[in-house]
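Commentary on secondary and tertiary structure
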Amino acid sequence: MAPKGYMTRRIQFSACHRLHSIHLSDVENKQIFGKCNNLNGHGHNYIVKVTLFGEIDPTTGMIINMTDLKKYMQEAIMNPMDHKNLDLDVLYFSDKPSTTENLTVFIWNQMKKVMDKSELLYEVEVHETENNIVKYRGE
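Labelled according to an unreviewed UniProt entry, the chain appears under the name 6-pyruvoyl tetrahydrobiopterin synthase, originating from Psylliodes chrysocephalus. The UniProt entry for the chain carries this comment under Catalytic activity (unreviewed entry): "7,8-dihydroneopterin 3'-triphosphate = 6-pyruvoyl-5,6,7,8-tetrahydropterin + triphosphate + H(+)". Regarding the chain, the UniProt comment filed under Sequence similarities (unreviewed entry) reads as follows: "Belongs to the PTPS family."

With respect to helix α4 (residues 100-114)
A rise of 1.5 Å per residue sets the reference length of α4, with its 15 residues, at 21 Å; its end C-alpha atoms lie 21 Å apart and thus fit the reference within 8%. Among all positions of α4, only T100, L103, T104, V105, F106, I107, W108, Q110, M111 and V114 are buried. Contact partners of the buried residues in α4: β1 (4-17), β2 (42-55), α2 (66-81), α3 (86-89), β4 (121-127) and β5 (133-136).

Describing the layout of surface pockets
Approximately 190 Å³ is the volume found for the largest pocket. Here the lining of the largest pocket is built from residues that sort into 7 nonpolar, 3 polar and 3 charged.

A closer look at the UniProt feature "active site" (unreviewed entry) in the chain
The UniProt feature table records "active site" (unreviewed entry) at C36, H83 and E128. Here H83 is to be found in the loop between α2 and β3 (84-85). With relative accessibility at 64%, the residue H83 sits in the exposed group. Turning to its location among the elements, E128 is positioned in the loop between β4 and β5. Setting aside its immediate chain neighbours within four residues, E128 contacts H17, H44, N45, Y46 and T100. Looking at E128, its side chain comes within polar contact range of the side chain of T100, at 3.2 Å.

How each quantity is defined
Residues numbered from 1 in each chain as written. Predicted model: local features only at pLDDT ≥ 70, side-chain atom pairs only at ≥ 80, totals over all residues. Heavy atoms only, no water. UniProt positions renumbered as here; feature names shortened; annotations may be inferred. Helix = DSSP H or I, 4+ residues; strand = E, 2+ residues; numbered from the N terminus. Expected span 1.5 Å × (residues − 1). Buried < 20%, exposed > 50% of the residue type's maximum accessible area, 1.4 Å probe, protein only. Contact = heavy atoms within 4.5 Å. 1 Å grid on protein atoms, 1.4 Å probe; cavity = no way out; pocket = protein on both sides within 12 Å on 5 of 7 lines; lining within 4 Å. Points joined across faces, edges and corners; volume = space filled by probe spheres on them. Nonpolar A, V, L, I, M, F, W, Y, C, P; charged D, E, K, R; others polar. Polar contact = N/O pair within 3.5 Å; in protein donor to acceptor, adjacent residues only side chain to side chain.

Printed below as a string of structure tokens:
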């Protein structure tokens, strides 16, 4: 049996959003989300780390080619979200708040859709700020 390992690729994208739930009143949104509920939104430079886990191919010495992972992340993350308004430009957020938790689940789902070997996807980690970080493993 081949040894197994983890590989992670990191990217950064910029986007704006407004924390707002269509399931809450304006007053409740303001109470829960505070300044992040600003009508005109606010922006972040998000850092995303995608980690794969799998067997290290004895011939190539890789879990998958890092170039392929870069391509998948471009398609799943950068194309739909970089320099976009998450609430207006990403259909996924039309009925749910664009919290970092929901963003991380969205990225996981996007990666699953575009990856040839999606079973290798182990974890998606999103840094909204240097202090606010969410991880998701498909649970």
